[in-house]
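Inside the fold
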Amino acid sequence: MSHLKEIPKVDRLLADPLFQSLISNHPRPAVVKAIRTVLDQIRTEILSGSFGKNTCEPAVIAATVASILDSEASCSLRRVVNATGIVIHTNLGRSPLPQGIIQQLTDIASHYSCLEYDTVTGERGERSSHVEALICELTGAESALVVNNNAAALLLALSSIAKGREVIVSRGELVEIGGSFRIPDIMTESGSTLREIGTTNRTHLKDYRNAITQDTALLLKVSCSNFAMTGFTSEVEVGELATLGKQAGLPVLVDAGSGAFMDLGQILGCSATTVQNYLQSGADLIVCSGDKLLGGPQIGIVAGSSRLVEPMKKHPLLRALRVDKMTLTALEGVLRIYRDKRRALTEIPTLRMLTMSEDLIAARGKKIIRLLKRSSPEGLDLTLLKGNSMVGGGALPQLQLPTRLIALKSTQLSANEIEALLRSAPTPVIGRIAKGVFLLDIRTISDDDLPLLASAVSRVC
Ligand SMILES: *Cc1c(COP(=O)(O)O)cnc(C)c1O
């Protein structure tokens, strides 16, 4: 207990030249707060009996205070290296933006812009006008609108079209997307009433037809983007639903989830319905995300018939869901790239990573192993294995993309220890562990990640 008396006073520490130099680099209140934190830790250590000999030395305290101040001064939202092989990784920020649009982003972010100003007439303009025509051109929609994300798009669409009335949805499509986004909950928030039909595995056109009453406002179809049903299943295609909708005078809304603007089916060997397909099949309205298969910023796109979209532009909720100028700049940049499909496949990172050939991945894998061996020669065993990457972001859940993995083994460290070391690097590297081995997936590691990866891996030696 007597050790408690050895804890220096805050004032005495502040007068010490070591701390004076910290104060010249950091705000004084921050230094004081960090000192108090360290002194509290020392007090706890003393009381628990785990008290080191030099703990109360000003130099030791100053070093701990300096490391607290440094970590407080660095940004919390930082770049990481995604070596998980999950291309659209929601926890890691979903889609990285194309390099080619970054200059425009910087310009708009740091200067004034014509966000809501029409430079032709000199009058007030509309912020989403910068992207609406492009969305219509690319999807064939009559009208379009953008909001904060797809959840917001769905909320706005339901509130605008079905408030106080019924929305018919198949029981097989009452999905949860993650982050507690659930279709029934969104519907409640929108003020519309869920009318469930069919069963979990099978829903037929007659189920929709029989549920229609004069309270019905909308037929909703939710793309089951983050799971797959197999076996004895049946769902009603958008085309059939659209025919029914026309007969009954009811609009059909499709939550297209991942929002593909390009048919990746041929390249990936799977079917992913594009937004264009949904509209061509007769859907009156679609909503989708901007940062999933589209490969753009976080945004929700609403596209379809003017009769439904135009009232949404005047809806009071829109102001609460509106998009900021940097996001709009990024979206416009990405949509412009889509005007040339070949450019889209090479310049949009999400599409580039998804469609990267196995041969290219294998060649990059060899190159990356050579690089890592050069910077971390000792104590590491690096081998290239075959494996599979995932699309992620609740898109194409069944699709396995053949990839190469670097298995990283050490004689001294366990897979969990390697994982923790790489995760705590200045630029964290996030991989995965399978069957007790730490793995880096080549597909999602970009070329400009390589120096950061090498320096993180060198920590393991
Ligand atoms: C991802 C997803 C959403 C939510 O989209 P956010 O842009 O994340 O809000 C909604 N519906 C479906 C079907 C989805 O896949």
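Residues numbered from 1 in each chain as written. Predicted model: local features only at pLDDT ≥ 70, side-chain atom pairs only at ≥ 80, totals over all residues. Heavy atoms only, no water.

1. As for the packing of aromatic side chains
Enumeration according to the criterion identifies one aromatic pair in this entry. The ring centre of Phe232 lies 3.8 Å from the NZ or CZ of Arg202, which sits over that ring. (Phe/Tyr/Trp six-rings, centres within 6.5 Å; stacked < 30°, edge-to-face > 60°. Lys NZ or Arg CZ within 6 Å of the ring centre and 35° of its normal.)

2. A few points about the environment of Ser234
Within the secondary structure, Ser234 is located in the loop between β10 (216-222) and α10 (238-248). With relative accessibility at 23%, the residue Ser234 sits in the partly exposed group. Between the C-alpha atom of Ser234 and that of Thr199, which follows or precedes it by 35 residues, the distance is 9.7 Å. Residues within four places of Ser234 in sequence aside, it is in contact with Asn201, Arg202, Thr203 and His204. (Helix = DSSP H or I, 4+ residues; strand = E, 2+ residues; numbered from the N terminus. Buried < 20%, exposed > 50% of the residue type's maximum accessible area, 1.4 Å probe, protein only. Contact = heavy atoms within 4.5 Å.)

3. Concerning the domain arrangement of the protein chain
Under the domain assignment used here, the protein chain contains domain 1 (2-73), domain 2 (81-90 + 353-457) and domain 3 (99-347). Its C-alpha centre places domain 1 at a distance of 39 Å from the equivalent point of domain 2. (Domains from an automatic or database assignment.)

4. Some thoughts on the sheet that holds strand β2 (residues 86-88)
With mixed pairing, the five strands of this open sheet are ordered in space as β2-β14-β15-β18-β17. Single-partner strands in this sheet number two, and they are β2 and β17 (432-434). The mean inter-strand angle of the sheet, taken between neighbouring strand axes irrespective of direction, is 40°. Inspection of the sheet shows β2 paired to strand β14 (residues 380-392) by two bridges, in the parallel sense. In the sheet register, Ile88 faces β14, and the bridge partner there is Gly392. (Pairing = 2+ DSSP bridges. Axes fitted to C-alpha atoms, helices over the stretch in contact; angles between N-to-C directions.)

5. Observations regarding the sheet that holds strand β6 (residues 166-170)
Pairing is mixed in the open sheet, where seven strands are placed in the order β5-β13-β12-β11-β10-β6-β9. At either margin of the open sheet sits one strand with a lone partner, and together these are β5 (143-147) and β9 (193-197). Direction aside, the axes of adjacent strands within the sheet are offset by 25° on average. Across four bridges, the pairing between β10 and strand β11 (residues 252-257) is parallel.

6. Observations concerning the pattern of salt bridges
Going through the model one piece at a time under the given rule, you end up with 22 salt bridges. Between Arg336 and Glu332 there is a salt bridge, and its shortest N-O distance comes to 2.8 Å. With Arg336 and Glu332 both in helix α15 (residues 325-338) and four residues apart, this pair spans about one turn of that helix. By relative accessible area, which is 39% here, Arg336 ends up partly exposed. (Salt bridge = Lys/Arg side-chain N within 4 Å of Asp/Glu carboxyl O.)

7. What to know about a positive patch on the surface
Where like charges cluster on the molecular surface, the positive patch consists of Lys366, Lys367, Arg370 and Arg374. By secondary structure assignment, the location of Lys366 is in helix α18 (residues 358-375). (Patch = residues over 30% accessible without salt bridge, like charges linked within 9 Å, V, L, I, M, F, W, Y side chains within 5 Å. Areas by Shrake-Rupley, 256 points an atom, 1.4 Å probe, with all protein chains shown as cover. Lys, Arg positive; Asp, Glu negative; His and termini not counted. Charge placed at Lys NZ, Arg CZ, Asp CG, Glu CD.)

8. With respect to the environment of Ser143
Structurally, Ser143 can be placed in strand β5. For the pair Ser143 and Thr84, spaced 59 residues apart in sequence, the C-alpha separation works out to 38 Å. If near-sequence neighbours (up to four positions away) are discounted, Ser143 is found in contact with Cys136, Val302, Ala303, Gly304, Ser305, Ser306, Val309, Glu310 and Lys313. Within polar-contact distance, the side chain of Ser143 engages the side chain of Ser306 at 3.5 Å. At 2.5 Å, the side chain of Ser143 and the side chain of Glu310 are in polar contact. (Polar contact = N/O pair within 3.5 Å; in protein donor to acceptor, adjacent residues only side chain to side chain.)

9. A closer look at the pairing of strand β15 (residues 401-410)
Among the 10 residues in β15, eight count as buried, and that is most of the element. As paired elements, β14 and β15 share 10 bridges and run antiparallel to each other. Counted as the bridge partner of Asn388 is Pro402 from β15. Alignment of β15 against strand β18 (residues 437-441), held across four bridges, turns out to be antiparallel.

10. Here we look at the side chain of Gln276
Structurally, the position occupied by Gln276 is in helix α12 (residues 275-280). Residues within four places of Gln276 in sequence aside, it is in contact with Leu138, Thr139, Ala260 and Phe261.

11. Quick word on the pairing of β6
Of all five residues that make up β6, five are buried, and the element is covered over most of its length. Neither face of β6 is left uncovered, since the one carrying Glu166, Ile168 and Ser170 and the one carrying Val167 and Val169 both have all their residues buried. Sheet topology places β6 next to β9; five bridges connect them, and they run parallel. Within the sheet, the bridge partner assigned to Ile168 lies in β9 and is Arg195. Sheet topology note: the β6/β10 ladder contains three bridges and is parallel. Looking at the pairing, Val167 lines up with Leu218 of β10.

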